Amino acid sequence: MFDNFSQALVELFVSSFWETIVMVGISGVVGALIGIPLGVFLRLTDAGGVLQNLTVNRVVGGIVNAVRSTPFIILLVAIIPLTRLLTGSSIGTAAAVVPLTIAAAPFMARLVEASLREVDHGLIDAALAMGATTRQIVLKVLLPEALPGIVAGLTISFVSLTGYSAMAGAIGGGGLGDLGIRYGYQRFLPEVMLAVVLVLILFVQAVQSLGDWAVRRLSHK
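Residues numbered from 1 in each chain as written. Predicted model: local features only at pLDDT ≥ 70, side-chain atom pairs only at ≥ 80, totals over all residues. Heavy atoms only, no water.

A look at the packing of helix H4 (residues 80–87) against helix H5 (residues 93–117)
Here's step 1: Where H4 contacts H5, the two axes come as close as 9 Å, and the packing angle between them is 125°. Considering the angle they form, H4 stands oblique to H5. For the crossing formed where H4 meets H5, the hand is right-handed. The residues of H5 that touch H4, namely those facing Leu-82, Thr-83, Leu-86 and Thr-87, are Ala-94, Ala-95, Val-98, Pro-99 and Ile-102.
Here's step 2: Considering only residue class, the contact of H4 with H5 consists of seven nonpolar, two polar and no charged. (Axes fitted to C-alpha atoms, helices over the stretch in contact; angles between N-to-C directions. Helix = DSSP H or I, 4+ residues; strand = E, 2+ residues; numbered from the N terminus. Parallel < 35°, antiparallel > 145°, perpendicular 65-115°, else oblique. Left-handed = near helix turned anticlockwise from the far one by under 90°. Contact = heavy atoms within 4.5 Å. Nonpolar A, V, L, I, M, F, W, Y, C, P; charged D, E, K, R; others polar.)

Take a look at the structure:
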């Protein structure tokens, strides 16, 4: 079936795979840089948190939920003006990173918040009794104790971003999704579509396996 792959198509496949890696990698890292502090903030200001403030928590949580509940394909279109402002274009790999990051950050924030909830509150009380500051509680109690769960959540996020990146190809975002649509669907080349699906499956398996390995290492420590 794959005998019809020309040299040019193979090169295009490789470049598209690289674009997918770039999109997922950059949006995942930036999303984590935003989502992890946001998740910590949501936990600290929640009921029973060190900085309990239910009003602020509900406002920020409402914004996070609003972004999370927006279908990604709608988010792609809705923030085109912002994407164009930041990248100078509404299509291409760089442009796709913007909506991917916005979609990833609140998703990661909720996963981080859920992991922090699992930390034994007795450890926090003990730290407070010893005069620990909020910064020390976060850096020396909450994050270390919840780290395996946080890594597992980030792994799930990267896997989800892989699917979102393929969806971004529907509006010219580049990557394997764009290749599958333009060649596999529009040019009636089912072997291209099949190859795209297989590569994405292998990529997701690799990401999940790496994440599972990291969680096991951190859990043993």
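From this point, things continue past the structure.
What to know about the packing of helix H1 (residues 7–44) against helix H7 (residues 134–168)
Here's step 1: Interaxial distance between H1 and H7 falls to 9 Å at its minimum, and their mutual angle equals 145°. You can see that H1 and H7 cross each other, and the crossing is right-handed. Counting all contacts with H1, which are made through Thr-20, Met-23, Val-24, Gly-25, Ser-27, Gly-28, Val-29, Ala-32, Ile-36, Val-40 and Leu-44, the residues of H7 involved are Thr-134, Val-138, Leu-142, Leu-143, Leu-154, Phe-158, Leu-161, Thr-162 and Ser-165.

Remarks on the side chain of Asp-178
Here's step 1: Note that Asp-178 resides in helix H8 (residues 175–185).
Here's step 2: Setting aside residues no more than four positions away along its own chain, Asp-178 makes contact with Gly-169 and Gly-172.

Focus on the pattern of salt bridges
Here's step 1: Going through the model one piece at a time under the given rule, you end up with three salt bridges.
Here's step 2: For Glu-113, the salt bridge is made with Arg-110, and the minimal N-O distance between the two is 2.6 Å. Of the two residues, Glu-113 and Arg-110 both sit in helix H5, three residues apart, roughly one turn of that helix.
Here's step 3: Among the charged side chains, a network of salt bridges with common partners joins Asp-46, Arg-110, Glu-113 and Arg-117. (Salt bridge = Lys/Arg side-chain N within 4 Å of Asp/Glu carboxyl O.)

Comments concerning the packing of aromatic side chains
Here's step 1: Under the definition given, this model contains two aromatic pairs.
Here's step 2: Consider the rings of Phe-17 and Phe-203, whose centres lie 5.8 Å apart with planes at 90°: the pair is edge-to-face. On the criterion of sequence distance, the pair formed by Phe-17 in helix H1 and Phe-203 in helix H9 (residues 190–220) is long-range, its members being 186 residues apart.
Here's step 3: According to the relative accessible area criterion, Phe-17 is partly exposed, its value standing at 28%. (Phe/Tyr/Trp six-rings, centres within 6.5 Å; stacked < 30°, edge-to-face > 60°. Buried < 20%, exposed > 50% of the residue type's maximum accessible area, 1.4 Å probe, protein only.)

Focus: the nonpolar core
Here's step 1: Ranked by internal contacts, the top residues of the largest apolar core, which has 30 residues, are Phe-72, Leu-116, Leu-142 and Ile-150.
Here's step 2: At the level of elements, H1, helix H3 (72–78), H5, helix H6 (121–129) and H7 are the ones that each hand at least two residues to this core.
Here's step 3: Aside from chain neighbours lying at most four places away, what touches Ile-150 is Val-112, Ser-115, Leu-116 and Leu-143.
Here's step 4: With nine residues, the next largest nonpolar core counts Leu-9, Phe-13, Leu-179 and Ala-195 among its residues. (Core = buried A, V, L, I, M, F, W, Y, C linked by side-chain atoms within 4.5 Å.)

What about the side chain of Arg-43?
Here's step 1: Within the fold, Arg-43 resides in helix H1.
Here's step 2: In this structure, Arg-43 is buried with no salt-bridge partner, the nearest side chain bearing the opposite charge being Asp-46 at 4.4 Å.
Here's step 3: With residues up to four places along the chain from it excluded, the contact list for Arg-43 reads Gly-49, Glu-113, Leu-116, Arg-117 and His-121. (Lys, Arg positive; Asp, Glu negative; His and termini not counted.)

Quick look at H6
Side chains three or four residues apart in an α-helix point the same way, a direct result of the helix having 3.6 residues per turn.
Here's step 1: A distance of 2.9 Å separates the backbone nitrogen of Gly-122 from a side-chain oxygen at the start of H6, and that oxygen is part of Asp-120.
Here's step 2: Downstream of H6 by a residue or two, Gly-131 has a phi angle that is positive, lying close to 85°. (Polar contact = N/O pair within 3.5 Å; in protein donor to acceptor, adjacent residues only side chain to side chain.)

Some points on a nonpolar patch on the surface
Here's step 1: Taken together, the side chains of Ile-26, Val-29, Val-30, Leu-33 and Ile-34 present a nonpolar region at the surface, about 430 Å² in accessible area.
Here's step 2: Along the polypeptide, Val-30 turns up in helix H1. (Patch = residues over 30% accessible without salt bridge, like charges linked within 9 Å, V, L, I, M, F, W, Y side chains within 5 Å. Areas by Shrake-Rupley, 256 points an atom, 1.4 Å probe, with all protein chains shown as cover.)

A few points about the environment of Asp-46
Here's step 1: Relative to the helices and strands, Asp-46 is located in the loop between H1 and helix H2 (54–69).
Here's step 2: For Asp-46, a relative accessible area of 12% puts it in the buried group.
Here's step 3: For the pair formed by Asp-46 and Glu-113, sequence separation is 67 residues and the distance between their alpha carbons is 9.8 Å.
Here's step 4: Beyond its immediate chain neighbours, meaning those up to four positions away, Asp-46 contacts Gln-52, Leu-54, Asn-57, Glu-113 and Arg-117.
Here's step 5: Within the structure, Asp-46 has its side chain in polar contact with the side chain of Arg-117 (distance 2.5 Å).

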